[in-house]
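Now for the letters of each chain:
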Amino acid sequence: MASWATKIPARFIDFGNKVLRSDNYVFGIKLVADGGGSGTWMYIDENENVVDLPDRYFENHPTYKGITETSSDGKLVCMVKIPKFYIRTADGDKIWIAPDPTSVSNTQAENEELVQNLNDRGFRLHPAFYTGFTNEGAKKEYDSFYVGAYPLSKNANGIAESKGNTKALINDTVSQYPVYCNNRNAGGVDGYHMWTIYEVAAIQLLALLEKRTTNFQSVYGRGRVSSTEIGMNDDMAENTGPATANYRGIYCLWGNAWQLVDGIKTDSNNNLLLWGGDGSKDYGVTDIKVPSRTSDGVTYADGVDSGYYNRPLTDVGARYNCSDMFLPDFSTLTGRIELGTYSDYVYGPTGTMDTWCAVGGSYNSGDEAGLFAYNFNIVPQQRYDNVTSRLAKY
């Protein structure tokens, strides 16, 4: 059998150069300094050498090039396709991405060898692309997932939509949001669901890798974060003008209204519950606590119970790996944005009750809103004038 280096396409080989080749699409990012509001990040190659990326690198990168917009049902369902990719993490401050190396022109054996090569180099498929198990018990993979281009709305029949020129769904019992998303699965259509924490993490990672900052208000604009009510899905500027808070066609990722996500919640003992990273849709109790803002005896980095975080969780359990996500480590919270590494605010639950999680921030969140903002204080039986969600599809 030929060696992997003779079989794997050259663009997927890391040559260990100090300057990254324009056709080498395996790269990463490293946090070199905490704090400052958004940290200091540098690009690295597969061997952890600091590199610069060539011009138009992301335009040609297979993963980023594959992020495309689609629509169906008379543009009532506008989605953005996110193609499959692999990741590698280390030490809680380094993460790499590798595009899917397989090809429809290869034999199954050739594709398996390409994937095995990535696995041997420490890469794993991002869990956003696992969606359960086959009848034989193997993990079921998808080549992509789709996320709503706009926040959640619904029609008169309680079927979720993703469309512009409307306002996001609010003031509805939030436990119904995943039901509305699932209601789109009819007439032979399947795979629609409320977006998950793993899909959120995939988008966070792609944006972080591309822009080398966690402060996306500074890159894409503030969005609707200094208002008194929500605005239209596709005009997130405070008054009029081009839409902001928009990453590669995914509108209103922060501000306007918090966006409920599936696959993550807390129980009445403040335990963090997560779906398995293997694509299973059942919750497992982790060893991680999400401290209540009314609990006693909790020590925070800056004496606060909500705030900006310096580091994400890296805990690993039997069915989850927090390094796949950007969940806040509450022990690193600080009340001062200039001391944080992740620029967006984190709210813990206010009591001992089952709560769900939302991301992004609201129409009045100001500087606290962003792609890394979390709110663990969403009670599923409640209605809110600033909580919506987002449709997704496998």
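Residues numbered from 1 in each chain as written. Predicted model: local features only at pLDDT ≥ 70, side-chain atom pairs only at ≥ 80, totals over all residues. Heavy atoms only, no water.

### Describing the overall build of the protein chain
The secondary structure content of the protein chain amounts to seven helices and 23 strands. Residues classed as buried in the protein chain amount to 57% of the 394 residues present. Put simply, of all contacts in the protein chain between residues at least 6 apart along the chain, 68% involve residues at least 24 apart. (Helix = DSSP H or I, 4+ residues; strand = E, 2+ residues; numbered from the N terminus. Buried < 20%, exposed > 50% of the residue type's maximum accessible area, 1.4 Å probe, protein only. Contact = heavy atoms within 4.5 Å.)

### Some points on the environment of alanine 245
With respect to the helices and strands, alanine 245 occurs in the loop between α7 (216–220) and β14 (258–266). In sequence terms alanine 245 and arginine 224 are 21 residues apart; their C-alpha atoms lie 8.1 Å from each other. Apart from the residues lying within four places of it in its own chain, the contact partners of alanine 245 are Tyr220, Gly221, Gly223, Ile250, Tyr251, Cys252, Leu253 and Trp254.

### Quick look at the nonpolar core
Residues Phe27, Ile82, Trp195, Leu327 and Tyr374 are the most contacted members of the largest nonpolar core, which totals 100 residues. The leading source of residues in this core is helix α6 (residues 197–211), at eleven residues. Leave out the neighbours within four places in its chain, and phenylalanine 27 touches Leu20, Tyr43, Ile44, Leu53, Tyr57, Phe58, His61, Tyr64, Trp96, Ile97 and Leu209. (Core = buried A, V, L, I, M, F, W, Y, C linked by side-chain atoms within 4.5 Å.)

### Points about the environment of lysine 94
Inspection of the secondary structure assignment puts lysine 94 in strand β6 (residues 94–99). For the pair lysine 94 and tryptophan 41, spaced 53 residues apart in sequence, the C-alpha separation works out to 9.4 Å. Discounting chain neighbours no more than four positions away, the residues touching lysine 94 are Ile29, Lys30, Ile44, Glu48, Arg88 and Thr89. Here aspartate 91 takes part through its side chain, which lies 2.7 Å from a polar atom of the side chain of lysine 94. A polar side-chain atom of lysine 94 sits 3.3 Å from a polar atom in the side chain of aspartate 93. (Polar contact = N/O pair within 3.5 Å; in protein donor to acceptor, adjacent residues only side chain to side chain.)

### Comments concerning unusual backbone geometry
Its identity as a non-glycine residue notwithstanding, aspartate 91 has a phi of 65 degrees, on the positive side. Residue aspartate 91 is classed as exposed on the basis of its relative accessible area of 62%. Phi is positive for arginine 212, which is not a glycine, with a value near 55 degrees. Structurally, the position occupied by arginine 212 is in the loop between α6 and α7. A relative accessible area of 32% places arginine 212 in the partly exposed class.

### Observations regarding the sheet that holds strand β3 (residues 68–72)
Strand order in the open sheet made by the five strands is β3-β4-β10-β23-β13, with antiparallel pairing throughout. The sheet terminates laterally at β3 and β13 (192–194), the two strands that pair on one side only. Shown here is a sheet whose adjacent strand axes are inclined to one another by a mean of 35 degrees, direction ignored. As paired strands, β3 and strand β4 (residues 77–83) are joined by five bridges and run antiparallel to one another. (Pairing = 2+ DSSP bridges. Axes fitted to C-alpha atoms, helices over the stretch in contact; angles between N-to-C directions.)

### Observations regarding the sheet that holds β6
Spatial ordering of the open sheet is given by β2-β1-β6-β5-β7, a layout of five strands whose pairing is antiparallel. Each having just a single partner strand, β2 (40–44) and β7 (124–125) make up the two edges of the open sheet. Bridge analysis of strand β1 (residues 27–33) against β6 gives four bridges, and the strand direction is antiparallel. Following the sheet pairing, lysine 30 is matched in β6 by lysine 94.

### Remarks on α6
Taking 1.5 Å as the rise per residue, α6 with 15 residues should run 21 Å; its terminal C-alpha atoms sit 21 Å apart, in good agreement. With 14 of its 15 residues buried, α6 lies for the most part within the structure. Positioned one or two residues after α6, arginine 212 has a phi angle of 55 degrees, which is positive. (Expected span 1.5 Å × (residues − 1).)

### As for the packing of aromatic side chains
Summed over the entire model, instances satisfying the criterion amount to 28 aromatic pairs. Ring centres 5.5 Å apart and planes at 90 degrees place the aromatic pair phenylalanine 27 and tyrosine 57 in the edge-to-face group. Taken together, the positions of phenylalanine 27 in strand β1 and tyrosine 57 in helix α2 (residues 57–60) put the pair 30 residues apart, joining distant regions of the chain. What makes phenylalanine 27 buried here is its relative accessible area of 0%. With centroids separated by 6.1 Å and ring planes inclined at 20 degrees, the aromatic side chains of phenylalanine 216 and phenylalanine 372 adopt a geometry described as stacked. On the criterion of sequence distance, the pair formed by phenylalanine 216 in helix α7 and phenylalanine 372 in the loop between β20 (355–359) and β21 (374–378) is long-range, its members being 156 residues apart. You'll find phenylalanine 216 and phenylalanine 372 in the same group, each marked buried. (Phe/Tyr/Trp six-rings, centres within 6.5 Å; stacked < 30°, edge-to-face > 60°.)

### Describing helix α4 (residues 108–120)
Under the 1.5 Å per step criterion, the end-to-end length of α4 is 18 Å for 13 residues, consistent within 8% with the ideal 18 Å. Residues of α4 that are buried include every one of Asn111, Leu114, Val115, Asn117 and Leu118, and no others. In a view along the axis of α4, the buried residues occupy a sector of 150 degrees, so they form one face of it. Opposite the buried face of α4, at more than 90 degrees from it, the exposed residues are Gln108, Ala109 and Asp120. Two residues or fewer after α4 comes glycine 122, characterised by a positive phi angle close to 95 degrees. (Arc of directions from axis to C-beta.)

### Observations regarding the pattern of salt bridges
With the rule as written, the count across this model stands at 15 salt bridges. The shortest N-O distance in the salt bridge between glutamate 59 and arginine 56 comes to 3.0 Å. With relative accessibility at 47%, the residue glutamate 59 sits in the partly exposed group. Of the charged contacts in the structure, one is a salt bridge between arginine 222 and aspartate 367, with a shortest N-O distance of 2.7 Å. With arginine 222 in the loop between α7 and β14 and aspartate 367 in the loop between β20 and β21, this pair connects stretches of sequence that are 145 residues apart. The exposure class assigned to aspartate 367 is partly exposed, which follows from its relative accessible area of 47%. A cluster of three or more residues bridged by salt bridges with shared partners is formed by Glu48, Asp91, Asp93 and Lys94. (Salt bridge = Lys/Arg side-chain N within 4 Å of Asp/Glu carboxyl O.)

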